[in-house]
Amino acid sequence: MTVQELPGAAAYRPTPPPAWKPLTDPAPLLPDPEPYRVLGTDAAADVDPELLLRLYGELVRGRRYNTQATALTKQGRLAVYPSSTGQEACEIAAALVLEERDWLFPSYRDTLAAVARGLDPVEALTLLRGDRHTGYDPREHRIAPLCTPLATQLPHAVGLAHAARLKGDDVVALAMVGDGGTSEGDFHEALNFAAVWRAPVVFLVQNNGFAISVPLAKQTAAPSLAHKAVGYGMPGRLVDGNDAAAVHQVLGEAVARARRGEGPTLVEAVTYRMEAHTNADDATRYRVDSEVEAWRAHDPIRLLERELTGRGLLDEDGIGTVREAAERMAAGLRDQMNADPVLDPMDLFSHVYEEQTEQLREQAARLRVELDAEHGESGAEEGR
C-alpha cells in the first residue's frame, strides 16, 4: 500500500508546514561575485586623502616590522614569528576601523594589527619570545591576547560583544582568523551564536591561500568563505585583501552595521601569505615560486603607493620620510629585543587564580626554598 492509498490520503500534502520557511531572505546576504576593490577604480576618488596617507604609513611600518621580527628569529631573539608580509592591508584596516572603546580579537599572525592599534611593538612579541603568555594588559588596550589555538578567540569575541549589548555598552568586537581557522568548530559555533543573538561583532577572515601547507580547495568546496555567512543568517562580504582602502571601507561598513544593532557580518579578505607559515616552515614544498611572484605584482604597498603618487598626494620625499620613520621603529625594536629580559620564576604562580589555592602556595614555598638554596650556593662559590 502506497502513501496515497492510506486512509485520509486526500488530505496529505508533501510540502512541510509553514515553519520551514526561511527566517531571512538569503539574497541580500550573498557576497559579490568578485572581491570588492577601490584602488585603481573610480571609487578611489571618494576616499579621504588623509586616510590613504595614514594607511600607507602604517603599511610601510608594518612591512618593516615583519622583516625585523623575522630577522630576530634568525638571531635567536624570538622562538617563532608568523609573518604577515603581504597581508598588511588586512591588519592595518582592522586596527584603524575600530573606536578606542571597541575590542580587537587577534590570532597569532596578527601582531601587526595589535601594534597598529597602539600596542608597544616589543609587548606584541613577548608571547613569541616565550617570556609570558601575553605581554600586555588586554583591558588597557582592548586587545585580547594573541591567540595561538585556531579560532578559539571567535567565541570569546561573540561573548564579549553579546555581554556589551546586554549592558548597553556601545562596543563592537572585531575578530580576526585565517582561512584555516574556518575549518574549526569554534568558527561555526561563533557565527551561529553571533547571528542568533545579533551580537555586535565582525568576523574578518584573512584568506591567504594556505592553512600551513593545505590549500583552500582542500578545506572547503564553498563558492567562497564569505558564502558561509548565509547559512548562519548574516551578510557575507568579499573584498580584495591587498586593497587597503577597500578593506577599510568594507570593515567600516560592517562595524557601523554592528553598532546600529543590526548584527554580525562575515568579511573574507582575499590576500596572500608571501612568507612561509612561520620561520619553522618550508613553503617551497607546497607552492611554486611563480605563484608567489604573481602576487608580488599585487603587493598592498605598491597598490597604495601607485594611487597616492598618481594623484599627487605622495612624492619621493614623502616616501623617504615614511621609510625613515619605519627604520627608527625597527631600530628601537632591535635594541629592546636584544636586551635579555629579567624574569622572576615566582611569577609562575601569579595570575593563576585570584586567590591562590593551598596546593599552589605549597608549590610556591618549595620553589622559594630551592631558589634561596641555589642563591646561597652561588654566593658561597663567589666567596671562595
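Cut-offs applied
- Residues numbered from 1 in each chain as written.
- Predicted model: local features only at pLDDT ≥ 70, side-chain atom pairs only at ≥ 80, totals over all residues.
- Heavy atoms only, no water.
- Pairing = 2+ DSSP bridges.
- Helix = DSSP H or I, 4+ residues; strand = E, 2+ residues; numbered from the N terminus.
- Axes fitted to C-alpha atoms, helices over the stretch in contact; angles between N-to-C directions.
- Salt bridge = Lys/Arg side-chain N within 4 Å of Asp/Glu carboxyl O.
- Buried < 20%, exposed > 50% of the residue type's maximum accessible area, 1.4 Å probe, protein only.
- Contact = heavy atoms within 4.5 Å.

I'm lost on the sheet that holds strand 7 (residues 265-270) in this one. Help?
Remark on secondary structure: sheet strands pair via backbone hydrogen bonds, oriented parallel or antiparallel. Pairing is parallel in the open sheet, where 5 strands are placed in the order 1-2-3-7-6. With one partner strand each, in any of the chains shown, strand 1 (103-105) and strand 6 (236-240) form the two edges of the open sheet. Mean inter-strand twist for the sheet, computed between neighbouring axes without regard to direction, equals 20°. Two elements, strand 1 and strand 2 (residues 173-178), share 3 bridges in a ladder whose sense is parallel. What sits directly across from Phe105, in strand 2, is Ala175.

Please explain the pattern of salt bridges as it appears in this structure.
The full count for this structure, using the stated rule, is 18 salt bridges. As a salt-bridge pair, Asp299 and Arg63 come within 2.8 Å of each other at their nearest N and O atoms. Pair noted here: Asp299 is in the loop between helix 9 (289-296) and helix 10 (300-310) and Arg63 is in helix 1 (residues 49-74), with a separation of 236 residues, a long-range link. Where Arg273 meets Asp281, a salt bridge forms, and the shortest distance between an N and an O atom there is 3.9 Å. Members of the salt-bridge network, linked through shared partners, are Arg101, Asp102, Asp170 and Arg259.

Would you explain the environment of Leu72 in this entry?
In this fold, Leu72 is placed in helix 1. Relative accessible area serves as the criterion here: at 0%, Leu72 is assigned to the buried category. With 261 residues separating them along the chain, Leu72 and Leu333 place their C-alpha atoms 9.6 Å apart. With residues up to four places along the chain from it excluded, the contact list for Leu72 reads Arg77, Leu78, Leu125, Leu333 and Met337.

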